[in-house]
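Per-entry structural report
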Amino acid sequence: MEAREGGGAGGPAGGALRLGASSVKVAAAVEAWFAEAARPLPWRTSPRDPYLALVSEAMLQQTQVSRVVGRFAEFLVEFPTIEALAAADESRVLALWSGLGYYRRARSLHAAAKAVCAGEMRETDKGDTDGRTAPAFPRRADELGKLPGVGPYTAGSIASIVFGERSPLVDGNVARVLLRVHGREGHLADKATATWLWERADELVQAATSPALLNEGLMELGAMVCSPASPKCASCPLAKACRARAEGRQREIPAPRPRAKQRDLYCGVVLAHDPRRGVLVEQRVGEPGGKGVAGRMWAGMWQAPTLERADRAPTRDEVGIWINLDIEPDAERFEHGTTHRRVFFEVWRARVGAGGIKPARGRWMSRAKVAELALSNPQRRILCEL
DNA sequence: AAAGCGGGGTT
DNA sequence: AACCCAGCTTT
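Residues numbered from 1 in each chain as written. Chains lettered and ligands numbered in written order. Predicted model: local features only at pLDDT ≥ 70, side-chain atom pairs only at ≥ 80, totals over all residues. Heavy atoms only, no water.

1. Things to note about the overall build of chain A
Counting secondary structure elements, chain A contains 15 helices and 7 strands. Per-residue burial over chain A gives 49% buried out of 386 residues. Of the contacts formed within chain A by residues at least 6 apart in sequence, a portion of 64% connects residues at least 24 apart. Just so you have it, chain A exposes about 19,000 Å², and 52% of that area is on carbon and sulfur atoms. (Helix = DSSP H or I, 4+ residues; strand = E, 2+ residues; numbered from the N terminus. Buried < 20%, exposed > 50% of the residue type's maximum accessible area, 1.4 Å probe, protein only. Contact = heavy atoms within 4.5 Å. Areas by Shrake-Rupley, 256 points an atom, 1.4 Å probe, with all protein chains shown as cover.)

Right under this line is the structure:
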């Protein structure tokens, strides 16, 4: 491989260490650093396994490594191979995703496993498979990007890190590293900035000795050294090349993103427990349907019957009439925050006596089975801890 | 282009 | 309490 800036020109007249002219050096520094500093993570097997990469990348979207490690292991116990995942019921896949959030990722991952195992990617299989993995597993970023839930970042990641393709990758970590090194303002969320970032990432991966080491090294550098609030420039392999560092602007680049506006949601929950029949649960509407004040949040997840309002909490009377059960006078309250919502829960216990009154909705299920369902964290708290 | 989607780690 | 996280899909 060769650096695209083609070197003959010596240094630029300015004499400064310009990244465009030194992509080879920057890439080499990142690769050398990562070869020494890489954390041992469960998906960093040697050789890399495309299925493990697919699962880990899905879990890692907008989710920190420390949150993923344990869940990754549990997931693989139940779905050790892509064939096992493809053959699974979606309800089990979602259940294994419980608490991780962004539940569409679980559906997409499941669909991607099915697509690979169904041979839909067969045209990319040029025979050179190792027999360990599904023969149809796509190897190029452009083919990987056709899988559900696999966007530009994930496609570039699997293609380069697992299969060694010279394809770039930009995630939040890489964006921060590149913006700082170049001393450039902007966010990955800006179109123009994103285009610029992907171009810089491409320059580096073209200049790298190992696309895998470079790309994973850039991410690791962003996570471990070039961190958002307190970058550890003293131990950074790119410190000498970093423009933000030279200008003392590490803390200001990138500028904070505009805050997402939070909307309020009020949930009146009925917790009905009958020693003989178990607890009353219902399933939220699934992926396409998603109407109502909560949009598509927690689509398809299970819950104790929950009455939602956008403006105020449902009253005890409203909840009682809605569920058609006799409920206790007082509720237990807690708040649950997400990026876009503040959700206020009021949990009303129902008196499920011998009256034979039939609740207006939901079905009875044993507590043991409920614990195995796909539950959001607040609903797990209600159903399993209250 | 912007909104929507979970939940928690870090500072 | 901000700000962010190995982003993607839908509107």
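Structure's up, so let's keep going.
2. Details of helix H2 (residues 50–60)
Counting buried positions over the 11 residues of H2 gives 11, a clear majority of the element. Looking only at H2, the buried set comprises Pro50, Tyr51, Leu52, Ala53, Leu54, Val55, Ser56, Glu57, Ala58, Met59 and Leu60. Residues of H2 that are buried sit in contact with helix H3 (65–78), helix H4 (82–87), helix H6 (104–117) and helix H8 (152–162). The N-cap of H2, judged by a side-chain oxygen 2.7 Å from the amide nitrogen of tyrosine 51 a few residues on, is aspartate 49. Phi turns positive, to about 60°, at glutamine 62, one or two residues after H2. (Polar contact = N/O pair within 3.5 Å; in protein donor to acceptor, adjacent residues only side chain to side chain.)

3. Some remarks on the protein's contact with DNA strand B
Around DNA strand B, the surrounding shell holds 28 residues, and the nearest of these are Gln64, Arg104, Trp298, His340 and Asn377. Sugar plus phosphate, as a fraction of atoms of DNA strand B within 4 Å of the protein: 62%. Within the side chain of histidine 340, an N or O atom sits 3.4 Å from a base nitrogen of DNA strand B. Among the elements of the structure, H3 and helix H15 (377–385) are those that each provide at least two residues to the surface near DNA strand B. Among the residues making up the surface near DNA strand B, the classes are represented as 8 nonpolar, 13 polar and 7 charged. (Near = heavy atom within 4 Å. Nonpolar A, V, L, I, M, F, W, Y, C, P; charged D, E, K, R; others polar.)

4. Quick look at the packing of aromatic side chains
Inspection of the entire model under this criterion finds 6 aromatic pairs. Relative to phenylalanine 344, the ring of tyrosine 266 has its centre 5.2 Å away and its plane inclined at 20°; by these criteria the two rings are stacked. Taken together, the residues tyrosine 266 in strand E1 (residues 263–274) and phenylalanine 344 in strand E6 (residues 341–351) connect sequence positions 78 residues apart. For tyrosine 266, a relative accessible area of 17% puts it in the buried group. For phenylalanine 344, a relative accessible area of 22% puts it in the partly exposed group. Among the aromatic residues, those joined into a ring-pair cluster are Phe75, Phe79 and Trp97. Above the face of the phenylalanine 334 ring, arginine 381 is positioned so that its terminal group lies 4.0 Å from the ring centre. (Phe/Tyr/Trp six-rings, centres within 6.5 Å; stacked < 30°, edge-to-face > 60°. Lys NZ or Arg CZ within 6 Å of the ring centre and 35° of its normal.)

5. Topic: the protein's contact with DNA strand C
Gly149, Gly151, Asp171, Asn173 and Arg176 are the nearest of the 27 residues found near DNA strand C. Each atom of DNA strand C within 4 Å of the protein was assigned to sugar, phosphate or base; sugar and phosphate come to 67%. Between DNA strand C and threonine 154, the relevant distance is 3.0 Å, taken from a phosphate oxygen to a side-chain nitrogen or oxygen of the residue. Those elements giving two or more residues to the surface near DNA strand C turn out to be H2, H8, helix H9 (172–182) and helix H11 (211–224). Here the residues of the surface near DNA strand C sort into 10 nonpolar, 8 polar and 9 charged.

None of this, on its own, says anything about what the molecule does.
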